[in-house]
Amino acid sequence: MLLSLLVSTVLSWIVILLLGVAVLALARQVGVLHMRVAPAGALTTAAGPAVGSSAAAIPVTTIDGVKTTVGGHLHGVPLRLLMFVSASCPLCKNLIPMAKSFARDERVQLIFIGDDEVSVQREMIAQQGLAAYPFINGPDVGQAYEVAKLPYAVLMDEHGTILSKGLVNSREHLESLVIAHEMGIGSVQDYIGKLKAVAN
(Lines give C-alpha, C1' and ligand atoms only; values in the text may rest on other atoms or scores of the structure.)
Protein backbone atom coordinates (compact mmCIF):
# COMPACT_ATOMS: atom_id res chain seq x y z
CA MET A 1 0.00 0.00 0.00
CA LEU A 2 2.79 2.38 0.97
CA LEU A 3 4.81 1.41 -2.11
CA SER A 4 1.91 2.06 -4.50
CA LEU A 5 1.32 5.47 -2.90
CA LEU A 6 5.01 6.33 -3.29
CA VAL A 7 5.02 5.24 -6.95
CA SER A 8 1.89 7.27 -7.73
CA THR A 9 3.39 10.37 -6.05
CA VAL A 10 6.63 10.03 -8.05
CA LEU A 11 4.66 9.56 -11.28
CA SER A 12 2.53 12.64 -10.48
CA TRP A 13 5.65 14.76 -9.99
CA ILE A 14 7.10 13.49 -13.28
CA VAL A 15 3.87 14.40 -15.10
CA ILE A 16 3.85 17.86 -13.47
CA LEU A 17 7.48 18.45 -14.50
CA LEU A 18 6.73 17.33 -18.07
CA LEU A 19 3.71 19.66 -18.20
CA GLY A 20 5.90 22.53 -16.97
CA VAL A 21 8.44 21.86 -19.73
CA ALA A 22 5.61 21.70 -22.30
CA VAL A 23 4.20 25.05 -21.13
CA LEU A 24 7.66 26.68 -21.37
CA ALA A 25 8.15 25.28 -24.86
CA LEU A 26 4.71 26.50 -25.91
CA ALA A 27 5.41 29.98 -24.47
CA ARG A 28 8.64 30.12 -26.47
CA GLN A 29 6.82 29.17 -29.67
CA VAL A 30 4.16 31.84 -29.03
CA GLY A 31 6.97 34.39 -28.58
CA VAL A 32 8.60 33.34 -31.87
CA LEU A 33 5.24 33.53 -33.66
CA HIS A 34 4.61 36.98 -32.19
CA MET A 35 7.94 38.19 -33.56
CA ARG A 36 7.17 36.81 -37.02
CA VAL A 37 3.66 38.25 -37.31
CA ALA A 38 3.79 41.75 -38.80
CA PRO A 39 2.19 44.52 -36.74
CA ALA A 40 -1.19 45.72 -37.93
CA GLY A 41 -1.34 49.31 -39.00
CA ALA A 42 -3.36 51.83 -40.92
CA LEU A 43 -3.23 51.09 -44.64
CA THR A 44 -1.51 54.04 -46.27
CA THR A 45 -2.51 55.10 -49.77
CA ALA A 46 -0.44 57.04 -52.27
CA ALA A 47 -3.28 59.47 -52.99
CA GLY A 48 -3.41 62.91 -51.44
CA PRO A 49 -0.69 64.95 -49.73
CA ALA A 50 2.35 62.83 -48.85
CA VAL A 51 3.50 62.09 -45.31
CA GLY A 52 6.01 64.77 -44.35
CA SER A 53 4.44 67.44 -46.53
CA SER A 54 2.71 70.54 -45.20
CA ALA A 55 -1.06 70.50 -45.50
CA ALA A 56 -2.45 73.75 -46.87
CA ALA A 57 -4.93 75.58 -44.67
CA ILE A 58 -8.42 74.99 -46.06
CA PRO A 59 -11.04 77.48 -44.85
CA VAL A 60 -14.17 75.62 -43.76
CA THR A 61 -17.29 76.05 -41.66
CA THR A 62 -18.33 73.47 -39.09
CA ILE A 63 -21.82 72.02 -39.09
CA ASP A 64 -22.60 74.45 -36.25
CA GLY A 65 -21.59 77.45 -38.37
CA VAL A 66 -18.16 78.11 -36.81
CA LYS A 67 -15.53 79.29 -39.31
CA THR A 68 -12.20 77.48 -38.99
CA THR A 69 -9.40 75.97 -41.06
CA VAL A 70 -8.21 72.42 -41.65
CA GLY A 71 -4.46 72.10 -42.07
CA GLY A 72 -1.96 74.91 -41.79
CA HIS A 73 -0.45 76.17 -38.56
CA LEU A 74 -2.48 75.87 -35.35
CA HIS A 75 -0.54 77.14 -32.34
CA GLY A 76 -0.88 75.23 -29.08
CA VAL A 77 -2.24 72.01 -30.61
CA PRO A 78 0.63 69.50 -30.79
CA LEU A 79 -1.32 66.81 -32.65
CA ARG A 80 -4.52 66.88 -34.70
CA LEU A 81 -6.39 63.85 -35.99
CA LEU A 82 -8.72 64.30 -38.96
CA MET A 83 -11.30 61.49 -38.98
CA PHE A 84 -13.18 61.08 -42.26
CA VAL A 85 -16.49 59.32 -41.53
CA SER A 86 -19.95 58.76 -42.95
CA ALA A 87 -23.31 57.97 -41.40
CA SER A 88 -23.80 55.24 -44.01
CA CYS A 89 -20.51 53.50 -43.09
CA PRO A 90 -20.96 50.78 -40.41
CA LEU A 91 -17.20 50.65 -39.77
CA CYS A 92 -17.19 54.39 -39.13
CA LYS A 93 -19.92 54.06 -36.52
CA ASN A 94 -17.99 51.31 -34.75
CA LEU A 95 -14.74 53.27 -34.88
CA ILE A 96 -16.05 56.62 -33.61
CA PRO A 97 -16.14 55.60 -29.91
CA MET A 98 -12.61 54.20 -30.26
CA ALA A 99 -11.43 57.41 -31.93
CA LYS A 100 -12.88 59.48 -29.06
CA SER A 101 -11.18 57.29 -26.46
CA PHE A 102 -7.92 57.30 -28.42
CA ALA A 103 -7.92 61.10 -28.78
CA ARG A 104 -8.58 61.52 -25.06
CA ASP A 105 -5.81 59.08 -24.05
CA GLU A 106 -3.25 60.45 -26.53
CA ARG A 107 -4.26 64.12 -26.01
CA VAL A 108 -4.95 64.60 -29.69
CA GLN A 109 -7.39 67.18 -31.06
CA LEU A 110 -10.06 65.18 -32.90
CA ILE A 111 -11.86 66.68 -35.90
CA PHE A 112 -14.58 64.78 -37.74
CA ILE A 113 -15.10 65.33 -41.46
CA GLY A 114 -17.94 64.07 -43.60
CA ASP A 115 -19.89 64.82 -46.75
CA ASP A 116 -23.58 64.08 -46.45
CA GLU A 117 -26.96 65.67 -45.87
CA VAL A 118 -26.84 67.99 -42.85
CA SER A 119 -29.84 66.27 -41.25
CA VAL A 120 -28.15 62.87 -41.57
CA GLN A 121 -24.94 64.20 -40.06
CA ARG A 122 -26.77 65.85 -37.18
CA GLU A 123 -28.51 62.56 -36.41
CA MET A 124 -25.15 60.76 -36.32
CA ILE A 125 -23.66 63.51 -34.12
CA ALA A 126 -26.52 63.05 -31.65
CA GLN A 127 -26.30 59.25 -31.69
CA GLN A 128 -22.51 59.15 -31.31
CA GLY A 129 -22.19 62.01 -28.82
CA LEU A 130 -20.06 64.20 -31.10
CA ALA A 131 -21.46 67.58 -30.09
CA ALA A 132 -18.20 68.50 -28.31
CA TYR A 133 -16.07 67.85 -31.41
CA PRO A 134 -15.66 70.02 -34.50
CA PHE A 135 -17.61 68.39 -37.34
CA ILE A 136 -16.98 69.62 -40.88
CA ASN A 137 -19.51 68.65 -43.49
CA GLY A 138 -18.61 69.18 -47.13
CA PRO A 139 -16.52 67.83 -50.01
CA ASP A 140 -13.61 70.31 -49.89
CA VAL A 141 -11.40 68.61 -47.29
CA GLY A 142 -12.02 65.09 -48.58
CA GLN A 143 -11.13 66.19 -52.12
CA ALA A 144 -7.98 67.97 -50.92
CA TYR A 145 -6.78 64.81 -49.16
CA GLU A 146 -8.10 62.56 -51.96
CA VAL A 147 -10.04 60.34 -49.56
CA ALA A 148 -11.61 57.50 -51.52
CA LYS A 149 -12.53 55.00 -48.79
CA LEU A 150 -13.73 55.29 -45.20
CA PRO A 151 -12.95 55.39 -42.35
CA TYR A 152 -9.79 57.37 -43.09
CA ALA A 153 -7.54 59.29 -40.71
CA VAL A 154 -4.79 61.89 -41.05
CA LEU A 155 -2.48 62.80 -38.17
CA MET A 156 -0.75 66.19 -38.33
CA ASP A 157 1.24 68.43 -36.01
CA GLU A 158 0.65 72.05 -35.03
CA HIS A 159 2.51 73.27 -38.14
CA GLY A 160 0.17 71.35 -40.42
CA THR A 161 2.80 68.75 -41.35
CA ILE A 162 1.24 65.39 -42.16
CA LEU A 163 2.82 62.86 -39.81
CA SER A 164 0.92 59.73 -40.89
CA LYS A 165 -2.32 58.78 -42.60
CA GLY A 166 -4.32 55.81 -43.80
CA LEU A 167 -7.44 53.67 -43.75
CA VAL A 168 -8.36 52.72 -40.19
CA ASN A 169 -10.90 50.30 -38.78
CA SER A 170 -9.65 49.58 -35.26
CA ARG A 171 -8.02 51.29 -32.30
CA GLU A 172 -4.81 49.44 -33.18
CA HIS A 173 -4.83 51.18 -36.56
CA LEU A 174 -5.32 54.57 -34.90
CA GLU A 175 -2.46 53.86 -32.50
CA SER A 176 -0.25 52.86 -35.43
CA LEU A 177 -0.51 56.44 -36.74
CA VAL A 178 1.06 57.81 -33.55
CA ILE A 179 3.59 54.95 -33.39
CA ALA A 180 4.65 55.61 -36.99
CA HIS A 181 5.16 59.29 -36.10
CA GLU A 182 7.15 58.43 -32.95
CA MET A 183 9.34 55.98 -34.91
CA GLY A 184 9.97 58.54 -37.63
CA ILE A 185 8.43 56.44 -40.39
CA GLY A 186 5.60 57.18 -42.78
CA SER A 187 3.60 54.05 -41.98
CA VAL A 188 3.80 50.58 -40.53
CA GLN A 189 4.04 49.32 -44.12
CA ASP A 190 7.27 51.30 -44.53
CA TYR A 191 8.64 49.67 -41.40
CA ILE A 192 7.73 46.17 -42.60
CA GLY A 193 9.28 46.94 -46.00
CA LYS A 194 12.55 47.97 -44.34
CA LEU A 195 12.59 44.81 -42.22
CA LYS A 196 12.10 42.65 -45.33
CA ALA A 197 14.85 44.52 -47.15
CA VAL A 198 17.26 43.91 -44.26
CA ALA A 199 16.25 40.23 -44.09
CA ASN A 200 16.95 39.77 -47.80
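Residues numbered from 1 in each chain as written. Predicted model: local features only at pLDDT ≥ 70, side-chain atom pairs only at ≥ 80, totals over all residues. Heavy atoms only, no water.

Participant: Can you tell me about the pattern of salt bridges, naming the residues and giving the values?
Facilitator: Taken as a whole and assessed by the stated rule, the structure comprises three salt bridges. For Arg122, the salt bridge is made with Asp64, and the minimal N-O distance between the two is 3.5 Å. Within this pair, whereas Arg122 is found in helix α3 (residues 118–128), its partner Asp64 is found in the loop between β1 (58–61) and β2 (67–70), the two being separated by 58 residues in sequence. For Asp64, a relative accessible area of 54% translates into the label exposed. (Salt bridge = Lys/Arg side-chain N within 4 Å of Asp/Glu carboxyl O. Helix = DSSP H or I, 4+ residues; strand = E, 2+ residues; numbered from the N terminus. Buried < 20%, exposed > 50% of the residue type's maximum accessible area, 1.4 Å probe, protein only.)

Participant: A description of a nonpolar patch on the surface should follow, citing residues and the corresponding values.
Facilitator: Side chains of Leu3, Leu6, Val7, Val10, Leu11, Ile14 and Leu18 sit close together on the surface and give an oily, nonpolar patch of about 680 Å² of accessible area. Along the chain, Leu3 turns up in helix α1 (residues 2–36). (Patch = residues over 30% accessible without salt bridge, like charges linked within 9 Å, V, L, I, M, F, W, Y side chains within 5 Å. Areas by Shrake-Rupley, 256 points an atom, 1.4 Å probe, with all protein chains shown as cover.)

Participant: Kindly report on the side chain of Lys165, identifying the contributing residues and their values.
Facilitator: Its location among the elements puts Lys165 in strand β7 (residues 162–167). A polar contact of 2.7 Å, which involves the side chain of Lys165, links it to the backbone oxygen of Pro49. (Polar contact = N/O pair within 3.5 Å; in protein donor to acceptor, adjacent residues only side chain to side chain.)

Participant: Could you give me a rundown of the packing of helix α2 (residues 90–106) against helix α5 (residues 171–183), with the residues and numbers involved?
Facilitator: In a pair of packed helices, the angle between the axes and the distance between the axes together describe the arrangement. Axis separation between α2 and α5 bottoms out at 9 Å; the angle between their running directions is 35°. As α2 packs across α5, the resulting crossing turns out to be right-handed. Taking contact as the criterion, the partners of Leu95, Met98, Ala99, Ser101, Phe102, Asp105 and Glu106 in α2 are, on α5, Arg171, Leu174, Glu175 and Val178. Per-class residue counts for the contact of α2 with α5 are six nonpolar, one polar and four charged. (Axes fitted to C-alpha atoms, helices over the stretch in contact; angles between N-to-C directions. Left-handed = near helix turned anticlockwise from the far one by under 90°. Contact = heavy atoms within 4.5 Å. Nonpolar A, V, L, I, M, F, W, Y, C, P; charged D, E, K, R; others polar.)

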